[in-house]
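Architecture at a glance
Okay, here's what each chain looks like letter by letter:
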Amino acid sequence: MTLTAPTGAAGPAAALRRRPGLRRLRALGGQGPLFTAAVLVLAALVLVAVLAPLIAPYDPEAMDLSASLVGTGGDHLLGTDQSGRDVLSRLLHGARTGLLGPLLVVAVSTVLGLVLGVVAGWRGGWADALLSRSMDLVFAVPGLLLAIMLVAVVGSGMTAPVAAMALAYTPYVGRLVRGIARQEKARPYIESYVVQGWSGRTICLRHLLPNIAPTVLAQSAMNFGYALMDLAALSFLGFGVQPPTADWGAMINEGQSAIQQGAMLPALAPSFCIVLAVVAFGIVGEGLADRIAKRER
């Protein structure tokens, strides 16, 4: 995806004052009712994650075997799991780990991808070849396999899966940024800055990165959904967040046996939350990408 250079400038001096990428970033709203609904869903999930300790009716880790698999209603709106823990409380607290892990993955992979992509695209030559081949090498290793290998060395928890998935997602951002950086570098407005003696660092920070930012934002939104799903899968397999900490993926694993006893919600409720969040992030990412593409036509 290519972002257009500023037009209508009265010369190089005027071009230096134009920050089209930032204007595009502010104009990405208004995507229609589906996009708006997805944004509201994500805002609600974030709000729930922040307020979970205040709004959860019970301690998410408090077990009461005498209340095992209590049905919905009464004191437990969504019932309890096999250990007698309130499903709603664990669901609310699970949003914290469910969103924090992907946030760290996206933050780290986006920063690394931006740095590697801009350096590779701007410098070219041996730097481009070295960084591109390195990203291709990481890209060839499945993220889940990399996470499992790292967990085997470091141990289970959130740190190893987040680090592995951040490394696995970096090439997605890096290759995207590299392609845009190479195209932007060849545009006249960039050449005018070079002729005036501006350093490559200044040009990249003040003009190249703002033009890349909207596209990276769209990619990061989609990566967030993928990372949420991957980390939930790792927790489900026992390589991620460990019980009794509330986590959506771990809750599905714990709720499997309850399904055979007729209790569906301990496994279905976190599954629904994961699907809802992944779909919402996908809609937001696609909406941002479509808006950028339309502005390029």
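Please read all numbers here as calculations on a predicted model, not as lab measurements. (Residues numbered from 1 in each chain as written. Predicted model: local features only at pLDDT ≥ 70, side-chain atom pairs only at ≥ 80, totals over all residues. Heavy atoms only, no water.)

1. Remarks on the side chain of Asn223
Position of Asn223 among the secondary structure elements: in helix H9 (residues 200-237). Residue classification places Asn223 among the buried positions, given a relative accessible area of 2%. Discounting chain neighbours no more than four positions away, the residues touching Asn223 are Val106, Tyr169, Tyr172 and Val173. (Helix = DSSP H or I, 4+ residues; strand = E, 2+ residues; numbered from the N terminus. Buried < 20%, exposed > 50% of the residue type's maximum accessible area, 1.4 Å probe, protein only. Contact = heavy atoms within 4.5 Å.)

2. Overview of the confidence of the model for the chain
For the chain, the mean per-residue pLDDT works out to 83, and 89% of the residues sit at or above 70. Mean pLDDT in the chain bottoms out at helix H1 (residues 12-16), which sits at 37, and peaks at helix H3 (residues 33-55), which reaches 94. Low pLDDT, under 50, characterises residues 1-22; the predicted model gives this stretch 52 contacts beyond four residues in sequence or across chains. Low pLDDT, under 50, characterises residues 24-28; the predicted model gives this stretch 16 contacts beyond four residues in sequence or across chains. (pLDDT = per-residue confidence, 0-100.)

3. A closer look at the packing of aromatic side chains
Overall, the coordinates contain two aromatic pairs when judged by the stated rule. On the basis of an interplanar angle of 15° and a centroid distance of 4.2 Å, the ring pair of Phe224 and Phe281 is categorised as stacked. Here Phe224, found in helix H9, pairs with Phe281, found in helix H11 (residues 265-296); they are 57 residues apart in sequence, far enough to count as distant. Relative accessible area serves as the criterion here: at 11%, Phe224 is assigned to the buried category. (Phe/Tyr/Trp six-rings, centres within 6.5 Å; stacked < 30°, edge-to-face > 60°.)

4. Let's talk about the packing of helix H8 (residues 188-195) against H9
Interhelical geometry of H8 versus H9 gives an angle of 175° and a closest axis separation of 11 Å. Viewed along their axes, H8 and H9 adopt a mutual orientation that is roughly antiparallel. Residues Tyr189, Ile190, Tyr193 and Val194 of H8 touch H9, and the partners they reach there are Ile203, His207 and Asn211. For the contact of H8 with H9, the per-class residue count stands at five nonpolar, two polar and no charged. (Axes fitted to C-alpha atoms, helices over the stretch in contact; angles between N-to-C directions. Parallel < 35°, antiparallel > 145°, perpendicular 65-115°, else oblique. Nonpolar A, V, L, I, M, F, W, Y, C, P; charged D, E, K, R; others polar.)

5. A closer look at the nonpolar core
Note that soluble globular proteins tend to have their nonpolar side chains buried in a common cluster. Counting residues in hydrophobic clusters, the biggest one holds 29 residues, and the most contacted among them are Trp248, Ile274 and Val284. Taken together, the elements giving at least two residues each to this core come down to H3, helix H4 (87-123), H9, helix H10 (248-259) and H11. Ranked by residue count, the leading element in this core is H11, at 11 residues. Beyond its immediate chain neighbours, meaning those up to four positions away, Val284 contacts Phe35, Ala38, Val39, Leu42 and Ala221. (Core = buried A, V, L, I, M, F, W, Y, C linked by side-chain atoms within 4.5 Å.)

6. Some thoughts on the side chain of Asp86
By secondary structure assignment, the location of Asp86 is in the loop between H3 and H4. No salt bridge is formed by the buried Asp86; the nearest opposite charge belongs to Arg90, separated by 9.0 Å. If near-sequence neighbours (up to four positions away) are discounted, Asp86 is found in contact with Pro57, Tyr58, His76, Gly79 and Thr80. (Lys, Arg positive; Asp, Glu negative; His and termini not counted. Salt bridge = Lys/Arg side-chain N within 4 Å of Asp/Glu carboxyl O.)

7. Considerations on H8
Quick reminder: α-helices carry 3.6 residues per turn. Residues three or four places apart thus point the same way. Buried residues of H8: Tyr189, Ile190, Ser192 and Tyr193, and no others. The buried residues of H8 all sit within an arc of 155° when viewed along its axis, so they share a single face. When the buried face of H8 is taken as reference, the exposed residues oriented beyond 90 degrees from it are Pro188 and Val195. In the segment just after H8, Gly197 is the residue with positive phi, at about 95°. (Arc of directions from axis to C-beta.)

8. As for the packing of H9 against H10
Direction vectors running N to C along H9 and H10 enclose 40°, while the axes themselves pass 7 Å from each other. One element, H9, and the other, H10, form an angle in the oblique class. Taken as a pair, H9 and H10 cross one another with a handedness that is right-handed. Contact with H9, carried on its side by Ala232, Ser235 and Phe236, involves Gly249, Ala250, Ile252, Asn253 and Gln256 of H10 and no other residues of that element. Of the residues that constitute the contact of H9 with H10, the class distribution is four nonpolar, four polar and no charged. (Left-handed = near helix turned anticlockwise from the far one by under 90°.)

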